[in-house]
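Descriptive structure summary
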Amino acid sequence: MKPQKINEKIIKELNLRKPQEHSLTKLDALMSAFKIGEDPKDIEAKLTGNLKFDTNFPSFTFNLATGVGKTRLMGAMIAYLYYTKGLKDFFILTPGETIYTKTIDNFTNGSKKYVMQGLTDFPMFNLVTGENYAYADFGNKLFEAVNIYIFNIQKIFNERKDVEFRFHKYQETLGSSFAELLQKKDLVILMDESHRYRGTKSLAAINHLQPELGLEFTATPTSTNVVYSYSLADAIKDSKLALERLANGGADGGYIKIPGVVARSDNFAYEGDIDRIKLEDGIRLHREKKALIEEYCTNNKLKMILPVTLITTKSIQHASEVKEMVTRSDFFGGYYKNKTLVVTSESEVDSINQLLRLEEPPPINQNEIVIHVDKLKEGWDVRNVFTIIPFRASISKTLIEQTIGRGLRLPFGELTGIESLDSLDIISHDNYARVLSVAHEVAEGIMVKEAKDREEMKVVKVDPTENKKLWIRIPRVEAKVYSSNKLDYFPIVMRLDELKHINPKLIKADIVTGQRQELGDISSKEEIDPINRFVRLLILEMSELDPAVHKVVLQKIIKHYLDQLKVDGETLSKLVRLHEQTILDDLLPQIEQKLQEETKIKFKVLDEELGFEPYTKAVKASSEALDKDQVSDAESRGNLINGYGKSVYDTYVFDSAQEKLLADSLDADKTVKSWVRLRTGQLPIKYVYGNYNPDFIVERSDANYLVEVKDKSKLDKRDPEVFSKAHKAEEWCKMVTEATGRQWVYKLVPHSAVERINSFEAIISSAYKVEGQI
């Protein structure tokens, strides 16, 4: 099988994320440029850029933001090198005991976190660790077997302070020393958090193994061998874009929580213990997130996740003092007395075991607060850390960088579209302006939020009415997406006016960064072919593009795009190098939209109905259900409101005053038999960008109505997103009508039609026509 097909197989079977996929593709390109065993200096000369190895062997660093999935990428690269190069010995080096233990679990077949899960024909392998190397059956008898060795940095030095492993002595069970055995093999070393191993002793010990190839993974590279970067700023940007798509019913694509620093206003007057105020701010936020998590997990039928707040302390003594503070009876009623874990260098084995079970749901894990002293550094991260309270020092770039990685992983494997659940909050009480400055220094996109007093929240359960006559009969509809992946030539438009008017003889400023540079000074070891470079980048970015099918048409599209610059070939090559990412960001959405125009969605009505189930809602603890007829406009949002006699549910929490006005209108209208305000995901209608969720269903004797209320300005402008959803909703209604014999009608109503209680007929009389508007 060709390397490209092997890549596609690994990407599909391991369900790799885009940054992982791009890293694997980069490895494939690198491995095609040299042969295993070549002199590192010769390899440096072959590769473009300023790549320099500080090891005695070729070693490449992949700079990946924490939370993106470095360990799974290790597994993918091991599989790639086995399939394409026949390599069978892989040495994984980890920093510290906690990460060492976690990595062993990641490579243990049968573990819930087994990173090779999904590969169909990867062979069983010997897992060799610091505990079993002396007797593991991986030596000469099984020389043809695949071996994965996992050790941490503490295990590779001996007490004599030389370059050899402490287990370098002859082992009768192995027939040689462990080091000699590894030296005989075509060893690939994979270094997790590789910036930790740049010291003289570390590099000497690594070089002593005589690896043939090194693969390094870190979010904070310090070496000169970086070949791929997906920074924290990149990850934040992607998560923010994904949240925008989710808000419009589209699919996600973000890989991390969006980090933010929470600070008190400079005008805040502190009274009492500042540390306690900081703790209370963090734990109030923690408790709010816990209520929202319970709501989300219950309504989406997910296993419950217990949120964790991580507290970083100054010393072991300070850790004890903080634990005493958070477990006292006057701190949230003593709730955290048996829900707090302290992890320090003096921790017992039981504490470490509890730490490893932190992601498990109750009752396996009961801890909601983890207090540590420099114990949980790079590489340790769990998906259910939502809040971090650092006490070690005042806010700084280093502190944020070291802290932020501990909680970036997504708790549900994807973004939820709920801001509080999609964010990681770091509590700081430093000067607000300073916090803002430091956050922006770390990475573009880190949010800075002002701490505020938060009321306790509670989770309430809302049951559907027992009067089944009000239950609207909604057929279950299956949607299938058919993509032809057809891409025809189209006259793509360059939307970067600044780039069009650049005079190549002047000093230029990059459109994105503002950095100034003379075009004549932009040089590389080889002149690039701009058209084919963008073809490769687009195929790399968009999995639906097939080089064999789309290469020629992409070349024509990109040529038309670049011709709009009206410059000579040499200048064009330099412009592309300077503005590559900016141009790519302009190309991608236009080509994606063209591909999506060819995507077809077909609905099939099934012989079953959607039922109505109880749901939960997180509300303020003081909230009591208010009667719908006695609620002011100010109270209509965010409160429990009941008293609806014609609805499937008699109680709702509305997101706007207009939703409440529409509900009141429906309940008062004599022509309305029943209605329901739909929750997200209750009736998803598939369209090209994801799932669309209508606002209301209304049952009358003449028909059932799907009703969507939208801002009038968007309707007047024929917003493509809004009308794309509406078109599919009309198609859904047509299919359901034909299948059931019951008329279903879609109504797209401007918000201006719902400004007072009115008849349903009057409200829908303002509805916009959808047919033909996509």
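Let me begin by describing the structure that accompanies this report. Everything quoted here is computed from the prediction, not taken from an experiment. (Residues numbered from 1 in each chain as written. Predicted model: local features only at pLDDT ≥ 70, side-chain atom pairs only at ≥ 80, totals over all residues. Heavy atoms only, no water.)

1. Details of the pattern of salt bridges
- By the definition in use, this model includes 41 salt bridges.
- Here Lys41 makes a salt bridge to Glu44, at a shortest N to O gap of 4.0 Å. Remark: Glu44 and Lys41 occur in helix 3 (residues 40–46); sequence separation between them is three residues, near one turn of the helix.
- Residue class for Lys41 comes out exposed when judged on its relative accessible area of 57%.
- Arg276 serves as the salt-bridge partner of Asp330, at 3.6 Å between the closest nitrogen and oxygen. Highlighted residues: Asp330 in the loop between helix 10 (316–326) and strand 12 (340–343) and Arg276 in helix 9 (residues 274–299), separated in sequence by 54 residues.
- Here Asp330 falls in the partly exposed class, since its relative accessible area comes to 42%.
- Looking at Arg276, the relative accessible area reads 18%, which means it is buried. (Salt bridge = Lys/Arg side-chain N within 4 Å of Asp/Glu carboxyl O. Helix = DSSP H or I, 4+ residues; strand = E, 2+ residues; numbered from the N terminus. Buried < 20%, exposed > 50% of the residue type's maximum accessible area, 1.4 Å probe, protein only.)

2. Let's talk about the pairing of strand 8 (residues 213–218)
- Among the six residues in strand 8, six count as buried, and that is most of the element.
- Burial of strand 8 is two-sided: the residues Leu213, Leu215 and Phe217 facing one way and the residues Gly214, Glu216 and Thr218 facing the other way are all buried.
- Of the pairings in the sheet, the one linking strand 1 (residues 59–64) to strand 8 comprises five bridges and is parallel in character. Each residue of the ladder has a partner; that of Ser59, found in strand 8, is Gly214.
- As paired strands, strand 7 (residues 187–192) and strand 8 are joined by five bridges and run parallel to one another. Bridge pairing in strand 8 links Ile189 to Gly214. (Pairing = 2+ DSSP bridges.)

3. Looking at the packing of aromatic side chains
- Under the defined criterion, the tally for this structure stands at 27 aromatic pairs.
- Consider the rings of Phe53 and Phe60, whose centres lie 5.5 Å apart with planes at 80°: the pair is edge-to-face. Phe60 shares its class with Phe53; the two are buried.
- The interplanar angle of 65° and the centroid separation of 6.2 Å between the aromatic rings of Phe122 and Phe125 together place this pair among those described as edge-to-face. Comparing Phe122 with Phe125, the two get one shared label, buried.
- Grouped by ring-pair contacts, the aromatic residues Trp471, Phe612, Tyr615, Tyr644, Tyr649, Tyr652, Phe654, Trp675 and Phe696 constitute a single cluster.
- Against the face of Phe386 rests Lys257, its NZ or CZ located 4.9 Å from the ring centre. (Phe/Tyr/Trp six-rings, centres within 6.5 Å; stacked < 30°, edge-to-face > 60°. Lys NZ or Arg CZ within 6 Å of the ring centre and 35° of its normal.)

4. Regarding the packing of helix 2 (residues 18–31) against helix 4 (residues 70–85)
- The interhelical angle for the contact between helix 2 and helix 4, taken along N-to-C directions, is 30°, at an axis separation of 10 Å. Overall, the two elements helix 2 and helix 4 adopt an arrangement that is roughly parallel. With respect to the hand of their crossing, helix 2 and helix 4 are arranged in right-handed fashion. Residues Gln20, Ser23, Leu24, Leu27, Asp28 and Met31 of helix 2 pack against Arg72, Leu73, Ala76, Met77, Tyr80, Leu81 and Lys85 of helix 4.
- Taken together, the residues of the contact of helix 2 with helix 4 break down into eight nonpolar, two polar and three charged. (Axes fitted to C-alpha atoms, helices over the stretch in contact; angles between N-to-C directions. Parallel < 35°, antiparallel > 145°, perpendicular 65-115°, else oblique. Left-handed = near helix turned anticlockwise from the far one by under 90°. Contact = heavy atoms within 4.5 Å. Nonpolar A, V, L, I, M, F, W, Y, C, P; charged D, E, K, R; others polar.)

5. Quick notes on the side chain of Glu280
- On the secondary structure map, Glu280 appears in helix 9.
- Apart from the residues within four sequence positions on either side, Glu280 is in contact with Phe331 and Phe332.

6. What about the sheet that holds strand 4 (residues 146–152)?
- An order of 3-4-2-7-8-1-9 is seen for the seven strands of this open sheet, with the pairing classed as parallel. Single-partner strands in this sheet number two, and they are strand 3 (125–129) and strand 9 (226–230). Averaged over neighbouring strand pairs, the angle between their axes works out to 15° when direction is ignored.
- The sheet contacts of helix 2 involve strand 1, strand 8 and strand 9, and relative to strand 9 the element is tilted by about 165°.

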